Amino acid sequence: MAGGEVTFSLAYVVLSVCFVFPPSEVQGAGLTVQNLLSAWLGSQDRDFVRYHIRRTTATLLLHALLPLGYYIGMCFAAPEKQLHRLVHLPDGWRLFLMLAVAFPTIAGTLAFYWSRNKWANHPLARTIALFALPPNGWQSVATSINTEFRRIDKFATGAPGARVIVTDTWVMKVTTYHVHIAQQQDIHLTVTDSQQHELSPDSNLPVQFLTISVASVHPYVKAFDIRLNSTEYGELKEKLRAPIRNAANVVIRQSLSDLFLDTFTSLVERNQAYSVPSNQELEPCIGCMQMSANIKLVKTCQEESEGECQQCYCRPMWCLTCMGKWFASRQDQQHPETWLSSQVPCPTCRSKFCILDVCIIR
């Protein structure tokens, strides 16, 4: 191969791989299908289903054009081969050209078929239609999915090529060419595998990735796997209605803060309870604004004048989870063995307290 031909081939392969599997640098530069065709694709937040119907179709078409783009580029990179003269092509290049033309032709035919009847033939629309109740069509289910996706309380994680999204009703996995979807009330979840990596590229700390199988009881809904960091496992469980079965007996390693929060909660539940006056109304927790304030700091570890802990006179303003997160955030991250026995200041009045002083309101 001539120098120009080799250079072009290597450059085209690298660019093609980055286009099909875009790294973060390429995504930041906007060289993705989503950015290049953003005007036609529309907004994912506004119309999640139609956006991904168009995105998967456009991705298939553009990726199918890559071999033909290589052939056209070679016509200019290696003019001595005279690849533009189709009649005198060598057998190898003739076969390549046939395949390069066949790929976008098949992809275009498939895209045209999908687009018929307002995209009702697209695989995503056909899957969604399985959940529609007569006489409603797939559009009614799509509207429900779009509404839930716009809510801020959805669970979302993963790379763009394997994005996991869990709403109140749906579990979805968005991949390059497909969107897997299942209804929460009809699924069985199973932890099937675990991979431990010594270093995470984001935090330079050990990280564990879990593989969870999502199998629907609906016979025509295909099962799929979702993959996530073990530190997100607790958040995922909170959003799911169905329990997650650990068939592989995987030891799920939560983050240090998560482990401490579990221990903090169990120890506080053993403490003396606090009874609020009958005329006092509990307000929402000022940390999360979701739970009602359900703890009160009362010095019970020692006598009033003994030790470093102090009496807190603040009214109940925090929930147990937020207070546990506050307690963990004030600790020395390099010495977790000291967390349970340490004192921290009240987040409101700065009076020192320990775990024994955290009382649940009964």
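These figures come from a predicted structure and were not determined experimentally. Per chain, residues are indexed from 1 in the order of the written sequence. Note on the predicted model: pLDDT of at least 70 is required for a residue's local features to be given, and 80 or more for side-chain atom pairs to be given and counted; whole-chain, interface and lining totals, by contrast, use all residues. Side-chain metrics in this entry use all non-hydrogen atoms of the structure; hydrogen atoms and water are not considered.

## Some words on the sheet that holds strand S4 (residues 179–183)
Note on sheets: strands pair through backbone hydrogen bonds, and any given pair is parallel or antiparallel.
Piece 1. The four strands are arranged S1-S2-S3-S4 in an open sheet whose pairing can be described as antiparallel. The sheet is open, and its two borders are formed by strand S1 (155–157) and S4, each paired with just one other strand. Recorded for the sheet is a direction-independent mean angle of 10° between the axes of neighbouring strands.
Piece 2. Strand pairing is assigned whenever DSSP detects at least two bridges linking the two strands. Each helix is a run of DSSP H or I of at least 4 residues and each strand a run of E of at least 2, with the numbering of both proceeding from the N terminus. As defined by bridge partners, S1 adjoins strand S2 (residues 162–166) across three bridges and the pair is classed as antiparallel. Bridging from a neighbouring strand, Thr 157 pairs with Val 164 of S2.
Piece 3. Here, two residues are considered to be in contact whenever any of their heavy atoms come within 4.5 Å of each other. Fitting a line to C-alpha atoms yields each axis, with helices limited to the stretch in contact; the angle taken between N-to-C directions then spans 0 to 180 degrees. Each of S2, strand S3 (170–175) and S4 is contacted by helix H5 (residues 48–64), which is oriented at about 25° to S3, the strand it contacts most.
Piece 4. On the sheet, helix H9 (residues 138–149) packs against S2, S3 and S4 and is oriented at approximately 85° with respect to S3.

## Observations concerning the packing of aromatic side chains
Piece 1. Working definition: a ring pair exists when centres of Phe, Tyr or Trp rings (six-membered ring for Trp) sit within 6.5 Å. Plane angles under 30 degrees give stacked, over 60 give edge-to-face, the rest tilted. Taken as a whole, this structure holds eleven aromatic pairs when the rule is applied.
Piece 2. Here the aromatic rings of Phe 48 and Phe 149 are separated by 4.5 Å at their centres, their planes lie at 35°, and the arrangement is tilted. Of this pair, Phe 48 sits in helix H5 while Phe 149 sits in helix H9, and the two are 101 residues apart along the sequence. Like Phe 48, the residue Phe 149 is buried in the burial classification.
Piece 3. Plain terms: the ring middles of Phe 131 and Trp 170 are 5.1 Å apart, the flat faces sit at 80° to each other, and that makes the pair edge-to-face. Of the two residues, Phe 131 is situated in the loop between helix H8 (123–129) and H9 and Trp 170 in strand S3; the sequence distance between them amounts to 39 residues.
Piece 4. Overall, Phe 131 belongs to the buried group, its relative accessible area being 11%. Three labels apply to residues, based on accessible area from a 1.4 Å probe with only protein chains included: buried if under 20% of the type maximum, exposed if over 50%, partly exposed otherwise in between.

## Side note on the domain arrangement of the protein chain
Piece 1. Domain delimitation in this document rests on an assignment produced automatically or drawn from a domain database. Taken domain by domain, the protein chain consists of domain 1 (2–119), domain 2 (151–246) and domain 3 (256–360).
Piece 2. Taken residue by residue, the interface counts nine residues in domain 1 and nine residues in domain 2.
Piece 3. Buried area between domain 1 and domain 2, both sides added, is near 700 Å², and the carbon and sulfur share of it is 66%.
Piece 4. Summed over both partners, the accessible area (1.4 Å probe) lost when two parts come together is defined as the buried area. The largest share of the area that domain 1 buries against domain 2 comes from Phe 48, Arg 55 and Thr 56, three residues that together contribute 48% of it.
Piece 5. A total of seven residues in the side of domain 1 that touches domain 2 trace back to one element, the largest contributor, which is H5.

## Some points on the pairing of S2
Piece 1. The antiparallel hairpin formed by S1 and S2 contains four residues in its connecting segment, where Gly 158 sits at a positive phi of about 100°.
Piece 2. In this sheet, S3 lies alongside S2 in antiparallel orientation, the contact comprising five bridges. Its bridge partner lying in S3, Ala 162 is registered against Thr 175.
Piece 3. From the end of S2 to the start of S3, which pair antiparallel, there are three residues.

## Regarding the UniProt feature "transmembrane region" (unreviewed entry) in the protein chain
Piece 1. Following the UniProt record, one finds the feature "transmembrane region" (unreviewed entry) at residues 52–72 and 93–114.
Piece 2. Measuring from the first to the last C-alpha atom of residues 52–72 gives 30 Å, for a span that is 95% helix and 0% strand.
Piece 3. In residues 93–114, helix accounts for 100% and strand for 0%; the two terminal C-alpha atoms are 32 Å from one another. UniProt positions are given in the numbering used here, feature names are shortened, and annotations may be inferred rather than shown by experiment.

## Observations regarding the packing of H5 against H9
Piece 1. For the pair H5 and H9, interaxial distance at closest approach is 7 Å and the crossing angle is 105°. By the angle class used here, H5 and H9 are roughly perpendicular. Seen from H5, the contacting residues are Phe 48, Val 49, Arg 50 and Ile 53; seen from H9, they are Trp 138, Ala 142, Ile 145, Asn 146 and Phe 149.
Piece 2. Throughout this entry, Asp, Glu, Lys and Arg are counted as charged residues, while Ala, Val, Leu, Ile, Met, Phe, Trp, Tyr, Cys and Pro are counted as nonpolar. The remaining residues, Gly among them, count as polar. Each residue belonging to the contact of H5 with H9 can be placed in one class, and the counts come to seven nonpolar, one polar and one charged. Here is the rule for angles: anything less than 35 degrees is roughly parallel, anything more than 145 is roughly antiparallel, 65 through 115 is roughly perpendicular, and the remaining ranges are oblique.

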